[in-house]
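Examination of the molecular architecture
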Amino acid sequence: MAKLLEVQGITKRFGGLVAINDLSFHIDEGEVLGLMGPNGSGKTTIFNIIMGDFPPDSGKVLLKREDITHYPTFERVKMGIARTYQVPRPFRELPIIEDIRVSTIPDSIMGSFRGGTHLEEVERIAEDVGLKGRFSMYPHELTMGDLRRVELAKALATKPKIVLLDEIFAGLTVAEIEEIDKLLRRKMEEGLDFIVVSHDLKALAPLVDRVVVIHFGQFIAEGPFDKIVDNEKVKAAYFG
């Protein structure tokens, strides 16, 4: 399989703290990759670097072999990378359908003349992720499960090739986890690729084709989920 996204030798420091230390991994086209590690291991930081929120001190990010390390975030989104956030980031003053629609606004004046995504398409995306009947609701009226659906809808509205899912199952009930799981499986069947960060190993296990484990910003193991959870280095990282 061809490599879709690659992280090559990424290092990121914040003052004297080395958050990411010479980290390399990749995701192939048609693959769902799990990214595991204890709290503070650097998972969200590497997502931020992939999206262009933070510049790396060294190393590269490649999308289909193109070096995008110094591309601004909006260019990466246009190229097909999207993400959700561990803590949902809705526009609290907007109903959710308008919140999702903001993700489709063209990034230039000329783009606005060509037109963005029509409201009907935004409604279709919102309905597709299970938000039917809640279009006019505001974030404070939604459950955490629905807020995570809004996050996913905003990502899907950018028409991505790959979505970075940061703790998509966090704070959800068992029923909500099952619903999100079914939604992600459907999107996988439609050809969308994911990198999934989750502390919910039970929810993560059936979704992923392969797992990469990091600790203190460093690569420590990769492989199928069932072998990774029995890896001695992984056990030491999680349980000491």
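Now for a quick tour of the structure.

Parameters at a glance
Residues numbered from 1 in each chain as written. Predicted model: local features only at pLDDT ≥ 70, side-chain atom pairs only at ≥ 80, totals over all residues. Heavy atoms only, no water. Core = buried A, V, L, I, M, F, W, Y, C linked by side-chain atoms within 4.5 Å. Buried < 20%, exposed > 50% of the residue type's maximum accessible area, 1.4 Å probe, protein only. Helix = DSSP H or I, 4+ residues; strand = E, 2+ residues; numbered from the N terminus. Contact = heavy atoms within 4.5 Å. Salt bridge = Lys/Arg side-chain N within 4 Å of Asp/Glu carboxyl O.

1. A look at the nonpolar core
One finds I100, L131, L165, F169, L184, F194 and V213 to be the most contacted residues of the largest nonpolar core, which totals 44 residues. By residue number, the principal contributor to this core is helix α6 (residues 144-156), which donates six residues. Those residues in contact with L184 that lie beyond four places of it in its chain are L152, L165, I168, F169, F194 and L207. Residues I10, L23, L35 and I162 belong to the second largest nonpolar core, which totals 26 residues.

2. Considering the pattern of salt bridges
Per the stated rule, a full pass over the model turns up 21 salt bridges. The closest approach of N and O atoms between K154 and E151, which form a salt bridge, is 4.0 Å. Of the two residues, K154 and E151 are both situated in helix α6; the distance of three residues between them amounts to about one turn of the helix. A relative accessible area of 5% places E151 in the buried class. A salt bridge links K235 to E232; its shortest N-O distance comes to 3.8 Å. Residue K235 and its partner E232 are both found in helix α10 (residues 232-239); the two are separated by three residues, about one turn of the helix.

3. Some points on unusual backbone geometry
Phi angles above zero are rare outside glycine, and R65 is one such case at about 70 degrees. In this fold, R65 is placed in the loop between β4 (58-63) and β5 (66-67). A positive phi angle, near 60 degrees, is found at K159, a position not held by glycine. Tracing the chain through its elements places K159 in the loop between α6 and β7 (162-166).

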